[in-house]
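Summary of structural features
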Amino acid sequence: MNRQAQAVVLLLLGGAVVRASVTDLYLRYVKEGLRPFLVAAGIALIAAAVMTLWYELRPLLPGRGGTPSGQGDHAEPGEPGDHGGHGHHEPRVGWLLLLPVLGLLLVAPPALGSYAVSQAGTTIPGDGLPDYPALPDEDPARITVLDYASRALFDAGASLGDRRVHLTGFIATGPDKRPILARMVLSCCAADGRPVKLGLTGQAPVGLPDDTWVEVVGRYSDRVGRDPVNDAEIPYLDVETWREVPAPKRPYE
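1. Quick notes on the environment of Leu-181
With respect to the helices and strands, Leu-181 occurs in strand S3 (residues 179–185). Judged by relative accessible area, which is 0%, Leu-181 ranks as buried. Counting along the chain gives 34 residues from Leu-181 to Glu-215, while the straight-line C-alpha distance between them is 9.6 Å. Leaving out residues up to four positions away in the same chain, Leu-181 has contacts with Val-145, Leu-167, Gly-169, Phe-170, Val-196, Lys-197, Leu-198, Leu-200, Val-214 and Val-216.

2. A look at the environment of Leu-200
By the secondary structure assignment, Leu-200 is in strand S4 (residues 194–202). Along the backbone, Leu-200 and Tyr-236 are 36 residues apart, and their C-alpha atoms lie at a distance of 5.5 Å. Discounting residues that sit within four places of it in the chain, Leu-200 has contacts with Pro-179, Ile-180, Leu-181, Pro-205, Tyr-236, Leu-237 and Val-239.

3. Observations concerning the confidence of the model for the chain
Detailed reading of the predicted model is not advised wherever pLDDT is low. The share of residues in the chain with pLDDT of 70 or more is 82%, and the mean pLDDT across the chain is 83. Within the chain, helix H3 (residues 98–105) has the poorest average pLDDT of any element, 71, and strand S2 (residues 165–173) the best, 97. Note on residues 72–87: pLDDT is under 50 here. Beyond four places in sequence and across chains, it has eight contacts.

About the thresholds
Residues numbered from 1 in each chain as written. Predicted model: local features only at pLDDT ≥ 70, side-chain atom pairs only at ≥ 80, totals over all residues. Heavy atoms only, no water. Helix = DSSP H or I, 4+ residues; strand = E, 2+ residues; numbered from the N terminus. Buried < 20%, exposed > 50% of the residue type's maximum accessible area, 1.4 Å probe, protein only. Contact = heavy atoms within 4.5 Å. pLDDT = per-residue confidence, 0-100.

Encoded structure:
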């Protein structure tokens, strides 16, 4: 791979990063607040590629003699710079940079889902708040899966009371082969994603394939299960109603 090829690959990579950043695609990989940094990184890659191409092709412009850097006269056999009659090339491993480009442009993987849930134990960051804020006034109160799980475990449902809550998550198969509601939580990017799992009682969704997104309305349940992956506690939700919904633009909490 010569420098011109390197610059083209770098240009494609930078363009793919910018394209993912200005659409909702980047939300499959990182938290929403990191968008400005991704845009800046993509622009920097594009700028570096353009400057490299300019440096390489400048000698070919009208009125300028010479040949692109790295493609000049070869050294005579036996002289310094001779490589057995072959020009110097950068390591071929550089072509592997095309893989993330193709991944972003052609076959972008989906957000973490039920498979990640089955491989990792449920995690609720922190040890809970000493005093949870009041739920939203709307009925049902729209809160996150993480918020419900934290209140149910660390506050024993005191801040939930008998209020109805509205949660959005995806279906995964629980340890008892029954459906659970899950949502992935990120600290930075998908590499550190951890699931928050909720057991479901009452009118729980049945017959849905894994990774189906649903909205559920229910009330606090004092039932608590155990995650066989890490033996952590899994709170339950007593479901009253549910409906299938499209995957949200922001799949992570």
